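If you want the building blocks of each chain, they are given just below.
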Amino acid sequence: MLQFTKVGKFSSRRSDTVCVQGYTVKWDVAEILEAIFEKHGDIADKCVIKTKSLRSPILEAVCEVVKWIQVNDVIDKLEDIENRVSDIKAVNIDVSWLQTRLDAIRKRKEVSEEYNLLMEMKANALSAKKAARICLRKRRAELADAQEQSKKAKRCVDVLHLVGANLIDHLFKSEAKMNSWVKDAVV
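The shown structure was predicted, so the numbers you read here are calculated from the model rather than taken from an experiment.

Colleague: Which residues make up the pairing of strand β4 (residues 23-26), and what values go with them?
Modeller: The sheet contact formed by strand β3 (residues 17-20) and β4 spans 4 bridges and is antiparallel. Bridge pairing links T17 to K26 in β4.

Colleague: Please give an account of helix α3 (residues 78-90) that cites residues and values.
Modeller: Across its 13 residues, α3 extends 18 Å between first and last C-alpha, which sits within 8% of the 18 Å expected from 1.5 Å per residue. Among all positions in α3, only L78, I81, V85 and I88 are buried. For α3, the angular spread of buried residues about the axis comes to 85 degrees, placing them on one side. Exposed side chains of α3 directed beyond 90 degrees from the buried face belong to E79, D87 and A90. Positioned one or two residues after α3, N92 has a phi angle of 65 degrees, which is positive.

Colleague: Any chance you could break down helix α2 (residues 52-70) for me, citing the residues and the numbers?
Modeller: The terminal C-alpha atoms of α2 lie 26 Å apart, and with 19 residues this matches the ideal 27 Å at 1.5 Å per residue to within 8%. Looking only at α2, the buried set comprises R55, S56, I58, L59, E60, A61, V62, C63, V65, V66, W68 and I69. Following α2 by one or two positions, N72 has its phi on the positive side, about 60 degrees.

Colleague: I'd love a proper account of the pairing of β3, names of residues and values included.
Modeller: In β3, alternate side chains face the same way, and those of V18 and V20 are buried while those of T17 and C19 on the opposite face are not. Here β3 folds back onto β4 in antiparallel fashion, the turn holding 2 residues, of which Q21 has a positive phi close to 45 degrees.

Colleague: Please provide a residue-by-residue account of the nonpolar core, values included.
Modeller: Counting 33 residues, the largest nonpolar core has V25, L33, L59, V62, I93 and L98 as the members making the most contacts within it. By residue number, the principal contributor to this core is α2, which donates 9 residues.

The rules behind each value
- Residues numbered from 1 in each chain as written.
- Predicted model: local features only at pLDDT ≥ 70, side-chain atom pairs only at ≥ 80, totals over all residues.
- Heavy atoms only, no water.
- Pairing = 2+ DSSP bridges.
- Helix = DSSP H or I, 4+ residues; strand = E, 2+ residues; numbered from the N terminus.
- Expected span 1.5 Å × (residues − 1).
- Buried < 20%, exposed > 50% of the residue type's maximum accessible area, 1.4 Å probe, protein only.
- Arc of directions from axis to C-beta.
- Core = buried A, V, L, I, M, F, W, Y, C linked by side-chain atoms within 4.5 Å.

What follows is the structure in structure tokens.
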């Protein structure tokens, strides 16, 4: 059964294809191809492949790339998409307009990767800062403890110095008493 489609061509329901400006393509890409032709003209006009039936799958590939870009499903597929676009350009399909968009997406991907790297570095810096603060608190506590122990040791040294000075004083007095007894004549 033939049916009139939105793109203004007849199509067959059995094959799920539609004719867009002489190119037979799948239903799901027909509107995209029509939009491409409206905006950029026949992008396959200078294609090295002369048979339209062989150009159609290539145009479908262009439409698939456009669909991925429209749903923003490109970042993870960017290398595959760029390879497809390169292959499409190799047969002289005009995708310069698409290449411009892919260049912008690649730049966005690079900026996104840089942003993610900076966010990771920020998280690492925050973790390192937290660890450094914990270490600083621990060292300050150790320093305070060491200062307290140092004060105690200083008091102990001061006390022992006084005790030692007192002992020396008592020793001199004691020695003087001993010597005074020895000097006394027995007779």
